[in-house]
Amino acid sequence: MQNLYKKRMGIGLCLVAMVFFCNPDIVVLDPLPDLFGYILLSLGLSSLAYLNDHFDQASRLFGRMIALSAGRIVFMVVLFTLVSRHERATTILLGNFVFGVLDLLTLLPAFKHLFDGFVYAGSRGGVGDASVFRPTWGRRLFSLFIHRRSEFDRGYTAVTLSESTSFITALFVILKVALNVLPEMTALTDHEEASFNFYNFVTLFRVPAILLGLLLGALWLACVAYYFIRLWRDGEVVEHLCQKFATEILPNTELFVARKYRLSSFFLLLGMLLAMDLPMDGINVLPDVLSAACLITGVLILREYLHTWKQSLVVLSAFGLISLLDTGWQIWFYKIKDFDASSIFNKDSEVFDAHMVTVVISVLSAVSFVLAVLSVLGCLREIVRTHTGYTVTHVDMQSYQKIPTLHKQLIRGLLPVAIMSGICAAGGVAYTCLLPYSGYSGEWYYIVADVMWLINLVLGAVLAILFAEKNGDVQEQINNRYMLTGKR
């Protein structure tokens, strides 16, 4: 646990994460994907979440934003691969509006809990006068918008830096969503009955919105960076957080491991869900690179309890890179080049050669996926051996071999997940090989080709359900051990 002190309780990671949020979206494209920012925030809050409920709630809400951000990426892929041009305008409006509302419902309380967490920790420890409770600049301006809610606070008129930064962040989140949605509302006039079609001039609305978003993002980033840098440099605050963590959390190893595993389970299960194949005309609209990112995050959270976490990261990173190559090739082959599947039957054509490359890449992707799942299961097996099984004072459980038996049962339960991952991988290769025969009638494999995408989807769902069940068994045994040792 020594590295927790070197990281200054994750405050630096929280600051780096803010960089990914300052830029506006270019229609639906995010030059700095928010997904990575939320992953960094979750990692940064992984230690702070133990200290008070505000940090814990912020960590949970930012975890939800990871799923929403992954959904945005899937929406973008579907938009540019499957949605026709004449329907794209209304689809963009609908997507930006829906995701914008979900962002507001999640981000506003998440950021509020984040800043309230530092205020709560500072007030309990009597620290933070130089950072958390420092009077903000422009205090008269902020006093017009920020009103004290308690009788005690009314006597202290200066608005603190924490309050003003929280207020600015909430305002920025609202304006960022508004600037992303408002230009796309011109799509409502893109029909024959409209007296004037504003969508013909949508660029004139988008460009000012993007420029204003850049300006607001830069100002917000400067404010937030100022706040977190002061926190990071405030020795009293960092020392108080580290000391509280060392005295109240570190001795309670069971609680620490249990919550770490619960957080890791969220990312691992999300990774398995995103590994499901949903192909549309040969293109998987759930890119496996998202699955790899979530699996990597889950392993990183548990790295302190794993001896082989570096090897797992290498395997998972290779899976992510191959998946990225696979997705790029699918888009080039099936969308950009727009090759006709029937022309693949001509073995002397360029299309046939490209299809062979597609099959080879599909095989590599399938193999890397199986290895990635096996590496994750290897991490779970290590957790089972070191953090499950319990002792009761009046019974020597070890002498009855009950703990080894429990370990064998849990590890044996992971075998169906490994087998199902191989079946899913084989199904993905089969879909690629049979795709040219889809849409024809005759032999049995023509029929299979038409429904192979559905078979793969079902297989992926079964894999996710199996993993959730077996992972739940492991988590239950971890919780049982901690409750029975009385340290949970």
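As the structure is a prediction and not an experimental result, all values here were calculated from the model.

Conventions we followed
Residues numbered from 1 in each chain as written. Predicted model: local features only at pLDDT ≥ 70, side-chain atom pairs only at ≥ 80, totals over all residues. Heavy atoms only, no water. Helix = DSSP H or I, 4+ residues; strand = E, 2+ residues; numbered from the N terminus. Buried < 20%, exposed > 50% of the residue type's maximum accessible area, 1.4 Å probe, protein only. Contact = heavy atoms within 4.5 Å. Areas by Shrake-Rupley, 256 points an atom, 1.4 Å probe, with all protein chains shown as cover. Axes fitted to C-alpha atoms, helices over the stretch in contact; angles between N-to-C directions. Parallel < 35°, antiparallel > 145°, perpendicular 65-115°, else oblique. Core = buried A, V, L, I, M, F, W, Y, C linked by side-chain atoms within 4.5 Å. Salt bridge = Lys/Arg side-chain N within 4 Å of Asp/Glu carboxyl O. Patch = residues over 30% accessible without salt bridge, like charges linked within 9 Å, V, L, I, M, F, W, Y side chains within 5 Å. Phe/Tyr/Trp six-rings, centres within 6.5 Å; stacked < 30°, edge-to-face > 60°. pLDDT = per-residue confidence, 0-100. Expected span 1.5 Å × (residues − 1). Left-handed = near helix turned anticlockwise from the far one by under 90°. Nonpolar A, V, L, I, M, F, W, Y, C, P; charged D, E, K, R; others polar.

S.K.: I tried to follow the overall build of the protein chain on my own but got confused; where do I start?
M.R.: A tally of regular secondary structure across the protein chain gives 17 helices and 2 strands. Counting all 488 residues of the protein chain, 49% fall into the buried class. Across the protein chain, every contact between residues at least 6 apart in sequence was considered, and the portion connecting residues at least 24 apart equals 74%. Surface exposure of the protein chain reaches about 23700 Å², of which carbon and sulfur atoms provide 65%.

S.K.: Would you take a moment to explain the packing of helix H15 (residues 402-413) against helix H16 (residues 415-434) for this structure?
M.R.: Helix packing for two helices is described by the angle between their axes and how far apart those axes are. The interhelical angle for the contact between H15 and H16, taken along N-to-C directions, is 15°, at an axis separation of 4 Å. For the element pair H15 / H16, the angle class is roughly parallel. In contact with Ile411, Arg412 and Gly413 of H15, H16 contributes Leu415, Pro416 and Val417.

S.K.: Which parts of the structure should I look at to understand the nonpolar core?
M.R.: Nonpolar side chains in soluble globular proteins tend to be buried together. Counting 102 residues, the largest nonpolar core has Met18, Phe62, Phe111, Leu114, Phe118 and Phe228 as its most contacted members. When neighbours within four sequence positions are excluded, phenylalanine 228 is seen to be in contact with Ile11, Cys14, Leu15, Met18, Leu114, Phe115 and Phe118. In terms of nonpolar packing, the next biggest core, distinct from the first, is built from 10 residues, Phe333, Ala354, Ala449 and Met452 among them.

S.K.: Hey, could you run me through the pattern of salt bridges in this one?
M.R.: Where charged atoms from two side chains of opposite charge come close, those side chains can pair. In the structure shown here, the tally under the stated rule is 6 salt bridges. As a salt-bridge pair, arginine 72 and aspartate 25 come within 3.8 Å of each other at their nearest N and O atoms. Within this pair, whereas arginine 72 is found in helix H4 (residues 53-81), its partner aspartate 25 is found in the loop between helix H2 (11-18) and helix H3 (34-48), the two being separated by 47 residues in sequence. Aspartate 25 gets classed as buried once you look at its relative accessible area, which sits at 14%. Between arginine 206 and glutamate 184 there is a salt bridge whose closest N-O contact spans 2.9 Å. Here arginine 206 is found in helix H9 (residues 202-233), whereas its partner glutamate 184 is found in the loop between helix H8 (161-181) and H9, with 22 residues between them in sequence. In terms of burial, arginine 206 and glutamate 184 fall into one category: buried. A network of salt bridges, in which partner residues are shared, links Asp25, Arg72 and Asp103.

S.K.: Mind showing me how you'd approach a nonpolar patch on the surface here?
M.R.: Taken together, Leu94, Phe97, Val98, Val101, Leu102 and Leu105 make up a surface patch of nonpolar side chains, about 540 Å² in accessible area. Its location among the elements puts leucine 102 in helix H5 (residues 85-125).

S.K.: Honestly, the packing of aromatic side chains in this entry has me stumped. Any pointers?
M.R.: Ring pairs (aromatic) are described by centroid distance and by the angle formed between their planes. Going through the model one piece at a time under the given rule, you end up with 17 aromatic pairs. For the ring pair tyrosine 38 and phenylalanine 62, a centre distance of 6.3 Å and an interplane angle of 25° mean the geometry is stacked. Taken together, the residues tyrosine 38 in helix H3 and phenylalanine 62 in helix H4 connect sequence positions 24 residues apart. Each member of the pair, tyrosine 38 together with phenylalanine 62, is buried. Pairing phenylalanine 319 with phenylalanine 369 gives two aromatic rings, centres 5.8 Å apart and planes at 50°, and the pair type is tilted. Separated by 50 residues along the polypeptide, phenylalanine 319 in helix H13 (residues 309-336) and phenylalanine 369 in helix H14 (residues 350-387) bring together distant segments of the chain. In this pair, the class of phenylalanine 319 matches that of phenylalanine 369, namely buried. Members of the aromatic cluster, each reached through a chain of ring pairs, are Phe55, Phe115, Phe118, Tyr227 and Phe228.

S.K.: So what exactly am I meant to see when it comes to the confidence of the model for the protein chain here?
M.R.: Atomic detail in the predicted coordinates should be set aside for any region of low pLDDT. In this model, the protein chain carries a mean pLDDT of 83, and residues with pLDDT of at least 70 account for 85%. This model gives residues 1-6 a pLDDT under 50, and the stretch forms 14 contacts once residues within four places in sequence are excluded. Note on residues 484-488: pLDDT under 50 across the span, and 12 contacts to partners over four residues away in sequence or across chains.

S.K.: Explain unusual backbone geometry to me, please; I cannot follow it from the model alone.
M.R.: Glycine aside, negative phi is the norm for most residues, and most peptide bonds take the trans geometry. Phi at valine 27 is positive, roughly 65°, even though this residue is not glycine. Look at valine 27 and you get buried, because its relative accessible area is 17%.

S.K.: Please clarify how H16 should be interpreted in this entry.
M.R.: Taking 1.5 Å as the rise per residue, H16 with 20 residues should run 28 Å; its terminal C-alpha atoms sit 29 Å apart, in good agreement. Within H16 the residues assigned to the buried category are Val417, Ala418, Met420, Ser421, Cys424, Ala425, Gly427, Gly428, Val429, Tyr431, Thr432 and Leu434.

S.K.: Honestly, the packing of H8 against H9 in this entry has me stumped. Any pointers?
M.R.: For the pair H8 and H9, interaxial distance at closest approach is 10 Å and the crossing angle is 155°. With respect to their mutual orientation, H8 and H9 come out roughly antiparallel. In this structure, H8 crosses over H9, and the sense of that crossing is left-handed. Across from Leu161, Ser162, Thr165, Ile168, Thr169, Phe172, Leu175 and Leu179 in H8, the residues of H9 making contact are Ala209, Leu212, Gly213, Leu216, Gly217, Trp220, Cys223, Val224, Tyr226, Tyr227 and Arg230. Looking at the contact of H8 with H9, its residues break down into 13 nonpolar, 5 polar and 1 charged.

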